[in-house]
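Observations on the model geometry
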Amino acid sequence: MQIKINWGTAIILAFGLFMTFILYFVFKVQSNSKYDNELVVDEYYKHDAHFGDEMIRVQNAHDLAQKPIIVSNNNGITVNFPLVFEPKEIKGKVSLYRPSNKKLDFEVPISLSSSTLLIPKTSLVGGRWDINMEWQYEGKSYLTKEVIYIN
């Protein structure tokens, strides 16, 4: 016995199979914790309201004649402040964000006795890290942003 399928039935079957295929992947992504659907910032709108203030701090950091330098090396991530700054007067924090996994995000307070801050490699997994360094010196606020890749 030979079954004949006309072109209308074939289109309906193909469309049904395609919808089943798409729905399968939607449910798989939603139910599997490997595919985490998180926002980068928890309180996005609250964060967005302070954007103008953030831009002023970024501009303050940009206007510095000598800027802090953030580099990746074998020991981890090193933040080198220029020698014109008194290390004990620099206050703030370094926030490290992992875009692929929010659970790896952490902060390091800036409390210096020399002009160098080291974030050890043992605290970092390989890949991309977004670094936001918010700091104050002599009553002025600064924000330095960098993207670092760890091997």
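Everything in this summary refers to the structure shown in the same document. (Residues numbered from 1 in each chain as written. Predicted model: local features only at pLDDT ≥ 70, side-chain atom pairs only at ≥ 80, totals over all residues. Heavy atoms only, no water.)

Assigned secondary structure in the protein consists of three helices and seven strands. Of all 151 residues assigned to the protein, the portion counted as buried reaches 25%. Residue pairs at least 24 apart in sequence account for 57% of intrachain contacts in the protein once pairs closer than 6 positions are excluded. Carbon and sulfur atoms form 58% of the exposed surface of the protein, whose accessible area is close to 11000 Å². (Helix = DSSP H or I, 4+ residues; strand = E, 2+ residues; numbered from the N terminus. Buried < 20%, exposed > 50% of the residue type's maximum accessible area, 1.4 Å probe, protein only. Contact = heavy atoms within 4.5 Å. Areas by Shrake-Rupley, 256 points an atom, 1.4 Å probe, with all protein chains shown as cover.)

Below, the discussion takes up the pairing of strand S3 (residues 91-97). If a strand is regular, its side chains alternate between the two faces of the sheet. Relative to strand S6 (residues 127-137), S3 runs antiparallel, the two being bridged by seven bridges. Along S6, the bridge assignment pairs Val94 with Met133. Of the strand pairs in this sheet, S3 and strand S4 (residues 106-110) are connected by five bridges, and their pairing is antiparallel. Pairing of Gly92 across the sheet is with Ile110, part of S4. (Pairing = 2+ DSSP bridges.)

Here we have four strands laid out as an open sheet, ordered S4-S3-S6-S7, and antiparallel in their pairing. Two strands in the sheet have a free side with no partner beyond their single neighbour: S4 and strand S7 (140-150). Between one strand and the next, the sheet's axes are offset by a mean angle of 15 degrees, whatever the strand orientation. Across eleven bridges, S6 lies against S7 in antiparallel orientation. (Axes fitted to C-alpha atoms, helices over the stretch in contact; angles between N-to-C directions.)

With that out of the way, let us pick up the environment of Gln59. By the secondary structure assignment, Gln59 is in helix H3 (residues 51-62). Judged by its relative accessible area of 39%, Gln59 falls in the partly exposed class. Between the C-alpha atom of Gln59 and that of Thr144, which follows or precedes it by 85 residues, the distance is 9.3 Å.

Read across the sheet, three strands follow the order S1-S2-S5 without closing on themselves; strand pairing throughout is antiparallel. The two strands at the open ends of the sheet, each matched to only one other strand, are strand S1 (69-73) and strand S5 (116-120). Going from strand to strand, the sheet's axes swing by 20 degrees on average, the running direction of each strand aside. In the sheet, S1 pairs with strand S2 (residues 76-80) via five bridges, with the strands oriented antiparallel. Counted as the bridge partner of Ile70 is Val79 from S2.

Keep in mind that these numbers describe shape and distance, not what the molecule does.
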